[in-house]
Amino acid sequence: MLTNAGIEQSLVEVRQRIDQAAVRSNRDPGTIRLLAVSKTQPVSALEEAYRVGQRRFAENRVQEWLEKAPFLKNDCEWHLVGSLQTNKVKYLDQSIAMIHSLDRFSLLKTLNAKGEQCGIIWTTLIQVNIARDTAKAGLTPEEVPDFLYSIGDYPHVQVQGLMTIGSLNASAAETRGFFRQLRILRDTLQSKKRPGVDLRELSMGMSGDFEMAIEEGATLVRVGRQIFGARQKYN
Ligand SMILES: *Cc1c(COP(=O)(O)O)cnc(C)c1O
């Protein structure tokens, strides 16, 4: 973990790099939101990020989110990224701003049932395995249209965009290609109106490639190590 001064410094740098990437690609920096991916980091690191103005945080494990959520102020947003097990949905509540990993019908049904029970409409993104990496979760691009057509049957789930995780083995040029493909897929799908679906968001880009993701149209970048330093052993 970085020291408190280190977290402040790296947040300043990441924000600057986001703004510069936006300007380079003729985009308004205000249209890009930074998610601080705080997985494996202790609550003290999140509190330091909060102190220097960070308000959006992301976790990939429900258990860890449950443990940390009580320590963060109400004006923060929590995002869930990474695979979501169906049997963990029961722990979620309305404080989850966005679920980035809707990738199968069983999860769609379970979220809808929980939303109906608790009076919540979930905001989600479809996770797309744009790199066709067998080690990664996500729908293939071909599966996305049918999945989107069925969203209207589940009124407690709304889809606001697409999310992808770049492939670990890919070159920079390949990664840029994946980001571009996700944007093109979004643009193509957005031209059809579907109930419960408005694909305004593109969640792509992590510590190693968030600037490239912004140049290719990302609206949400998910940055962990570049803010907090190396991952910790949580628990
Ligand atoms: C961990 C994680 C990130 C952040 O990764 P860094 O390399 O630490 O920036 C982004 N997205 C998902 C889905 C993650 O699991």
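Here, the structure is the one placed above.
Residues numbered from 1 in each chain as written. Predicted model: local features only at pLDDT ≥ 70, side-chain atom pairs only at ≥ 80, totals over all residues. Heavy atoms only, no water.

**Student:** So what about the site of the ligand? Which residues, and what values?
**Tutor:** Around the ligand there are 13 residues in total, and Lys39, Ser207, Gly224, Arg225 and Arg231 lie nearest to it. Between the ligand and glycine 224 there is a distance of 2.8 Å, counted from an oxygen atom to a backbone nitrogen or oxygen. About the coverage of the ligand: the protein hides 95% of its 390 Å² of free accessible area. Among the detected pockets, the ligand sits in the largest pocket. By residue class, the composition of the shell around the ligand is six nonpolar, three polar and four charged. (Near = heavy atom within 4 Å. Polar contact = N/O pair within 3.5 Å; in protein donor to acceptor, adjacent residues only side chain to side chain. Areas by Shrake-Rupley, 256 points an atom, 1.4 Å probe, with all protein chains shown as cover. 1 Å grid on protein atoms, 1.4 Å probe; cavity = no way out; pocket = protein on both sides within 12 Å on 5 of 7 lines; lining within 4 Å. Sits in = over half its atoms within 2 Å of the grid points. Nonpolar A, V, L, I, M, F, W, Y, C, P; charged D, E, K, R; others polar.)

**Student:** A description of the nonpolar core should follow, citing residues and the corresponding values.
**Tutor:** Ranked by internal contacts, the top residues of the largest apolar core, which has 63 residues, are Leu92, Leu102 and Ile126. Core analysis: the next-biggest nonpolar cluster, separate from the first, contains eight residues, Val37, Val81, Met163 and Leu220 among them. (Core = buried A, V, L, I, M, F, W, Y, C linked by side-chain atoms within 4.5 Å. Buried < 20%, exposed > 50% of the residue type's maximum accessible area, 1.4 Å probe, protein only.)

**Student:** Kindly report on the pattern of salt bridges, identifying the contributing residues and their values.
**Tutor:** Enumeration over the complete set of coordinates arrives at 19 salt bridges. Across the pair glutamate 216 and arginine 176 runs a salt bridge whose closest N-O atoms are separated by 2.9 Å. Taken together, the positions of glutamate 216 in the loop between helix H7 (210-215) and strand S8 (220-223) and arginine 176 in helix H6 (residues 172-190) put the pair 40 residues apart, joining distant regions of the chain. With a relative accessible area of 26%, arginine 176 lands in the partly exposed category. Among the charged side chains, a network of salt bridges with common partners joins Arg24, Arg176, Arg180, Arg183, Glu215 and Glu216. (Salt bridge = Lys/Arg side-chain N within 4 Å of Asp/Glu carboxyl O. Helix = DSSP H or I, 4+ residues; strand = E, 2+ residues; numbered from the N terminus.)

**Student:** So what's going on with H6? Which residues, and what values?
**Tutor:** Compared with the 27 Å implied by 1.5 Å per residue over 19 residues, the 27 Å span of H6 between its first and last C-alpha is a close match. For H6, every residue scored as buried is listed here: Thr175, Phe178, Phe179, Leu182, Leu185, Arg186 and Leu189. When H6 is viewed along its axis, its buried side chains cluster within an angular range of 120° and face the same direction. Of the exposed residues in H6, the ones pointing more than 90 degrees away from its buried face are Ala172 and Ala173. Looking at the packing, one finds that the buried side of H6 touches helix H5 (144-151), strand S6 (157-163), strand S7 (197-203) and H7. (Expected span 1.5 Å × (residues − 1). Arc of directions from axis to C-beta. Contact = heavy atoms within 4.5 Å.)

**Student:** Summarise the pairing of S8; cite the residues concerned and give the values.
**Tutor:** Neither face of S8 is exposed, since Leu220 and Arg222 on one face and Val221 and Val223 on the opposite face are all buried. Strand direction decides the pairing type here: strand S1 (residues 33-37) and S8, joined by four bridges, are parallel. Residue pairing across strands places leucine 35 opposite arginine 222, the latter belonging to S8. (Pairing = 2+ DSSP bridges.)

**Student:** Now, about the environment of threonine 134: what can you tell me, with residues and values included?
**Tutor:** Structurally, threonine 134 is set in the loop between strand S5 (122-127) and H5. Relative accessible area serves as the criterion here: at 84%, threonine 134 is assigned to the exposed category. Taking the C-alpha atoms as reference, threonine 134 lies 9.9 Å from serine 167; in sequence the two are 33 residues apart.

**Student:** Tell me about the layout of surface pockets, and name the residues and values.
**Tutor:** Rolled over the atoms, a probe sized like a water molecule indicates the empty space that remains. Its boundaries defined by the atoms lining it, the largest pocket holds a volume of some 530 Å³. Along the wall of the largest pocket there are 24 residues; nearest its centre are Ile165, Leu168, Met206, Arg225 and Arg231. Counting residues per element, the ones that place at least two in the lining of the largest pocket are H6 and S8. For the lining of the largest pocket, the residue count by class is ten nonpolar, eight polar and six charged. (Points joined across faces, edges and corners; volume = space filled by probe spheres on them.)

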